[in-house]
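# What the coordinates show
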Amino acid sequence: MTKVQLKGVRKDFGSFTAISQIDLDIESGELVALLGPSGCGKTTTLRMIAGLEVPTYGHILFDDDDVSEVPVQDRNVGMVFQRYALFPHMTVEKNVMFGLKVRGTPSGEIKQRLEDILDVVQLEQFRHRFPAQLSGGQMQRVAIARTLITNPSVLMMDEPLANLDTKLRGEMRRFIRELQQRLGITTIFVTHDQVEAMELADRVAVIFDGVLAQYDTPEALYQRPNSVEIADFMGANNIFDAQVSNGVAKTAFGDLQLDTDTKPVRDGTGRVLLRGEAIDLLLGEGEASQNVITGKVTAREFFGATVNYTVDCKGETIIVNEQSRRMVDVGQDVWLTIQPQRIWVIQDAA
Amino acid sequence: MWVQLMPVLAVLSVLFGGALVLAVMQSLGFAPWFGVNTFPDLSYFGALWGSWSFWQSLGLTLYYAIVSTGIALVMGILLALAMVRIFPGKSLYKYLYKLPLMIPYTVGIALAVIMLGNGGMISRIFAFVGLIGDPSEFPQILKTHYGWGIITVYVWKQTPFVTLTLYAVLLGVGRETEEAAAILGANKRQIFFGVTLPQILPGIVSSTLIIFAFNIGAFEAPFILGGGYPDTLPVVAWRYFNDADYTLQLQGMATVVSLALIASAILYSYLAFYRSFERRIGRN
Ligand SMILES: Nc1ncnc2c1ncn2[C@@H]1O[C@H](COP(=O)(O)OP(=O)(O)OP(=O)(O)O)[C@@H](O)[C@H]1O
Ligand SMILES: [Mg+2]
């Protein structure tokens, strides 16, 4: 398997800068998601790794070898395109065999590998169909099979699930994850869906406007985003201005004790991030001893398994998320509490 | 439905069907306005097909048509492939290559005479730079049965047409399948023959059909730039029509009808061959 590194990679299209500067290390066998809003440069990054675009500056390394000058054909990468890019004039079988045929693989071996891969993606009964006669999920599996049969050392997928319905998406997600783990192939996939990125990836690279904003595990990205934009993008909603001093964050709704042993902070201004599910909602005063915030429930959203309460605390709105084991009524006075180690402080780099 | 289409159908059948029927009847000896009416009479065809010069003319006609269609096709494909890529000066070039489409054939023919003739521009340039001693030593390009002048004019006029058609098809096909093929390890040749060509084949077939049909019936270029007897069939027909002996018009009609029959047979088999190919690869 192959380790992929991007070192100071930049890409300009004429006077437009699509990627200003990206450094990225992808371990061998790792599954990494490139996550970011539309137009931030995800596809461009993928295309540079594949060799379809040449970086304006910087280097791309496979197993510590610079491949910037290696032509597409010789990189031995695989790519599943956003719109699959199947060959419309070839049957499923011919599409899948294409990569081996052009490499001059002996026909006996091609037959064998074709059967194997069709079995993996469960497309045997569609082998003689044309792409136009397949559903989106089937086309996608053809695209994956066509790529995997060549044993690429790096597999790339550009929004592989974007065109599928919710149910199929879940199925394909599990399918991709299983396959990736079974083959242990270094995989990079693009998505703008943070849930998908967190579910699938070992690590997630968040890209904003052509800049790598954070590269971390899903858990770290969710709990410890290093900027408000990332927190926002990861679906956080309780972010408040705070003044930090001596391990205490002063906010509009009261002081919060921080856990500076595990999460060091600097004195000065910052923002506190309180994850809705990390907050306990209490109905009686005095049930908790520290970080107590008083407030009143102003709205309730019921999602079935979970419920969101909107709590007004001295003019700030805090959203609390909990399992729907009980229902707290709108208008009720409540006391919120959060453990110091569950509070994340976002501060500008010194 | 039918009723609404009646007026159009009527006009179409009178214009096309009527002319065709009249031409066929005339070639079979029906021309009372010349005082000739031996219908049905195969002697005009007999005389035509029995003469060696008819087959020579047919050979020449097909030769010019096929060679120029082939060259225009290859050049059109190359140009169209270049047009979908980005290169400096592309926007200027996009206008430039369409120019011949807007210039009439006769102007093109005149240009060929000015440029390619002995004593034409190119021969003078050759003489000027000392490649040949005198412009008259320039190899004969026009007025030979090799027909390089005719072919040049056809190709000059039709390459932009093929380019335009295939360029539009290529834009529709997009670059993605080519990129996918490259990532799968295909080299340029494999990408072109395995991925691009099959996808633009419908455009190739329709544009070659059109230019071949035109070339086979074209008159001005072989008339002006051709090598004289034996002429191409349209020129032969024209000579019959223009003859002082107007009864030869029937012979001319037989020539025209023969040409139409041969052209349709060729185009039809070409299409049938293409269809069967499409079926073989499973498209329909
Ligand atoms: N060939 C190109 N020429 C000029 N600009 C380009 C080209 N390709 C991409 N761009 C620009 O670069 C930026 C990044 O494009 P890219 O396709 O990488 O975005 P993306 O993150 O994949 O977005 P999406 O999620 O919508 O697919 C966009 O602003 C796009 O307009
Ligand atoms: Mg994209």
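Residues numbered from 1 in each chain as written. Chains lettered and ligands numbered in written order. Predicted model: local features only at pLDDT ≥ 70, side-chain atom pairs only at ≥ 80, totals over all residues. Heavy atoms only, no water.

## Re the site of ligand 1
All names here are of chain A. Around ligand 1, the structure places Phe13, Phe16, Ala18, Ser38, Gly39, Cys40, Gly41, Lys42, Thr43, Thr44, Gln82 and Glu159. Here an oxygen atom of ligand 1 and a backbone polar atom of Gly41 are 3.0 Å apart. A distance of 2.8 Å separates an oxygen atom of ligand 1 from a polar side-chain atom of Lys42. In the complex, the protein chains occlude 61% of the 640 Å² of accessible area that ligand 1 would expose alone. Those elements giving two or more residues to the shell around ligand 1 turn out to be strand E2 (16-26) and helix H1 (42-50). Considering each element in turn, the shell around ligand 1 owes the most residues, 3 residues, to H1. (Near = heavy atom within 4 Å. Polar contact = N/O pair within 3.5 Å; in protein donor to acceptor, adjacent residues only side chain to side chain. Areas by Shrake-Rupley, 256 points an atom, 1.4 Å probe, with all protein chains shown as cover. Helix = DSSP H or I, 4+ residues; strand = E, 2+ residues; numbered from the N terminus.)

## With respect to the packing of aromatic side chains
Working definition: an aromatic ring pair is given by the centre-to-centre distance plus the angle between the planes. All chains considered together, the criterion is met by 14 aromatic pairs over all chains. With 4.7 Å between their ring centres and 55 degrees between their planes, Phe87 of chain A and Phe98 of chain A make a pair best called tilted. Here the residue Phe87 of chain A occupies a position in the loop between strand E6 (77-80) and helix H2 (92-102), and Phe98 of chain A occupies one in helix H2, the gap between them amounting to 11 residues. Through a chain of ring-to-ring contacts, three or more aromatic side chains come together here, namely Phe87, Tyr93 and Tyr97 of chain B. The ring centre of Tyr222 of chain A lies 3.4 Å from the NZ or CZ of Arg275 of chain A, which sits over that ring. Sitting over the ring of Tyr95 of chain B, Lys98 of chain B keeps its end group 5.7 Å from the ring centre. (Phe/Tyr/Trp six-rings, centres within 6.5 Å; stacked < 30°, edge-to-face > 60°. Lys NZ or Arg CZ within 6 Å of the ring centre and 35° of its normal.)

## Topic: the interface of chain B and chain A
Interfaces are often sized by the amount of accessible area the parts lose when they come together. With 20 residues of chain B at the interface, the matching set in chain A holds 24 residues. Both faces combined, the contact of chain B with chain A buries some 1,800 Å², and carbon together with sulfur accounts for 65% of it. The interface formed by chain B and chain A holds 2 salt bridges in total. Between Arg83 of chain A and Glu176 of chain B there is a salt bridge, with the nearest N and O atoms lying 3.7 Å from each other. Counting across the interface, chain B meets chain A through 5 residue pairs in polar contact (both at pLDDT 80 or more). For the side of chain B that touches chain A, the secondary structure elements donating two or more residues are helix H9 (176-183) and helix H10 (188-217) of chain B. Ranked by residues supplied to the side of chain B that touches chain A, first place goes to H9 of chain B with 7 residues. Here the side of chain B that touches chain A is composed, by residue class, of 10 nonpolar, 7 polar and 3 charged. (Contact = heavy atoms within 4.5 Å. Buried area = accessible area lost by both parts, 1.4 Å probe. Salt bridge = Lys/Arg side-chain N within 4 Å of Asp/Glu carboxyl O. Nonpolar A, V, L, I, M, F, W, Y, C, P; charged D, E, K, R; others polar.)

## Here we look at the sheet that holds strand E11 (residues 239-245) of chain A
Residue and element names in this part refer to chain A. The 5 strands are arranged E13-E12-E11-E14-E20 in an open sheet whose pairing can be described as antiparallel. Every interior strand has two partners, whereas the edge strands, strand E13 (254-257) and strand E20 (343-346), have only one. Neighbour-to-neighbour, the strand axes of this sheet turn through a mean angle of 40 degrees, independent of strand direction. Across 6 bridges, E11 lies against strand E14 (residues 268-274) in antiparallel orientation. Each residue of the ladder has a partner; that of Gln243, found in E14, is Thr269. (Pairing = 2+ DSSP bridges. Axes fitted to C-alpha atoms, helices over the stretch in contact; angles between N-to-C directions.)

## Section: the pattern of salt bridges
Pairing between side chains of opposite charge can happen when the charged atoms of each approach one another. Residues and elements named next belong to chain A. With the rule as written, the count across this model stands at 23 salt bridges over all chains. One salt bridge in this structure joins Arg300 and Asp329, with 3.7 Å as the shortest N-O distance. Taken together, the residues span a long stretch of sequence, with Arg300 in strand E16 (residues 292-302) and Asp329 in the loop between strand E18 (316-323) and strand E19 (333-337) at a distance of 29 residues. Overall, the relative accessible area of 37% leaves Arg300 in the partly exposed class. Assessed through its relative accessible area of 47%, Asp329 is described here as partly exposed. Each of Arg169, Arg173, Asp193, Glu196 and Glu199 takes part in salt bridges that share partners, so that together they form one network. (Buried < 20%, exposed > 50% of the residue type's maximum accessible area, 1.4 Å probe, protein only.)

## Topic: helix H6 (residues 105-116) of chain B
All names here are of chain B. With 12 residues, H6 should cover 16 Å at 1.5 Å per step; its first-to-last C-alpha distance of 16 Å lies within 8% of that length. Listed in full, the buried residues belonging to H6 are Tyr105, Gly108, Ile109, Ala112 and Leu116. The arc that holds the buried residues of H6, viewed along the axis, is 100 degrees, so those residues lie on one side. Where H6 is buried, its residues contact helix H7 (121-128), helix H8 (148-173), H10 and helix H11 (220-225). (Expected span 1.5 Å × (residues − 1). Arc of directions from axis to C-beta.)

## Structural notes on unusual backbone geometry
Residues and elements named next belong to chain A. Despite not being glycine, Asp64 has its phi angle at roughly 70 degrees, a positive value. Along the chain, the position of Asp64 falls in the loop between strand E4 (57-62) and strand E5 (65-66). Although it is not a glycine, Tyr84 sits at a positive phi angle of roughly 70 degrees. Along the polypeptide, Tyr84 turns up in the loop between E6 and H2. What makes Tyr84 buried here is its relative accessible area of 6%.

## Re the domain arrangement of chain A
All names here are of chain A. Along its sequence, chain A is carved into domain 1 (4-230) and domain 2 (237-347). Relative to domain 2, the C-alpha centre of domain 1 lies at a distance of 39 Å. Each partner contributes to the roughly 750 Å² buried at the junction of domain 1 and domain 2, and carbon and sulfur atoms together form 59% of this total. It is Tyr222, Gln223 and Val228 that lose the most area in domain 1 upon contact with domain 2, and together they represent 62% of the buried surface on that side. (Domains from an automatic or database assignment.)

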